[in-house]
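Listed below are the residues making up each chain.
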Amino acid sequence: MVDERWPGEWMRGVLSLCVLRVVADGPTYGYAIAGRLADAGLGSVKGGTLYPILTRLETDGLVTSSWAAGNGGPGRKFFSLTPTGAQALRERAEQWHVFTERAAGLLSRPVVPS
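Throughout what follows, the structure given in this document is the object of discussion.

Rules behind the numbers
Residues numbered from 1 in each chain as written. Predicted model: local features only at pLDDT ≥ 70, side-chain atom pairs only at ≥ 80, totals over all residues. Heavy atoms only, no water. Salt bridge = Lys/Arg side-chain N within 4 Å of Asp/Glu carboxyl O. Buried < 20%, exposed > 50% of the residue type's maximum accessible area, 1.4 Å probe, protein only. Helix = DSSP H or I, 4+ residues; strand = E, 2+ residues; numbered from the N terminus. 1 Å grid on protein atoms, 1.4 Å probe; cavity = no way out; pocket = protein on both sides within 12 Å on 5 of 7 lines; lining within 4 Å. Points joined across faces, edges and corners; volume = space filled by probe spheres on them. Nonpolar A, V, L, I, M, F, W, Y, C, P; charged D, E, K, R; others polar.

Our focus in this paragraph is the pattern of salt bridges. Applying the stated criterion across every chain yields a total of two salt bridges. Salt-bridge contacts for Arg21 lead to Asp25; the nearest nitrogen and oxygen are separated by 2.7 Å. Since its relative accessible area comes to 45%, Asp25 is described here as partly exposed. Across the salt bridge formed by Arg36 and Asp25, the nearest N and O atoms sit 2.7 Å from each other. Pair noted here: Arg36 is in helix α2 (residues 30-39) and Asp25 is in the loop between α1 (8-23) and β1 (28-29), with a separation of eleven residues, a long-range link. Each of Arg21, Asp25 and Arg36 takes part in salt bridges that share partners, so that together they form one network.

Structure representation (structure tokens):
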């Protein structure tokens, strides 16, 4: 699979929602989240981008965090979805689908030279 490099404004628009969706699958930590995002075709997401998103999601009450021992290594900060986060994920995902359908409808129209 080719590692796509998506425009930054696209990633800023959807990355928080995608991170929330990954966390919805169960408690996970930053490196694993970045791996899931890459596996989904979103490209490489650096810690300097990912961790501020996780902090913001936690501040907003959408995820919680806790430290747990690592497998033979240092402890890891695990993130879990809150009930508020689950509701926000449902609402925002629905809004995202409507938005992208509308944008796709507009963009699929043929370009008529002026």
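After that view of the structure, there is still more to cover.
What follows is about the layout of surface pockets. The computed volume of the second largest pocket comes to approximately 330 Å³. Together, 13 residues line the second largest pocket, and Trp10, Trp96, Phe99, Thr100 and Ala103 are the ones closest to its centre. Elements represented by at least two residues in the lining of the second largest pocket include exactly α1 and α4 (83-107). Sort the elements by how many residues they give to the lining of the second largest pocket and α4 lands first, with six residues. Taken together, the residues of the lining of the second largest pocket sort by class into ten nonpolar, two polar and one charged.

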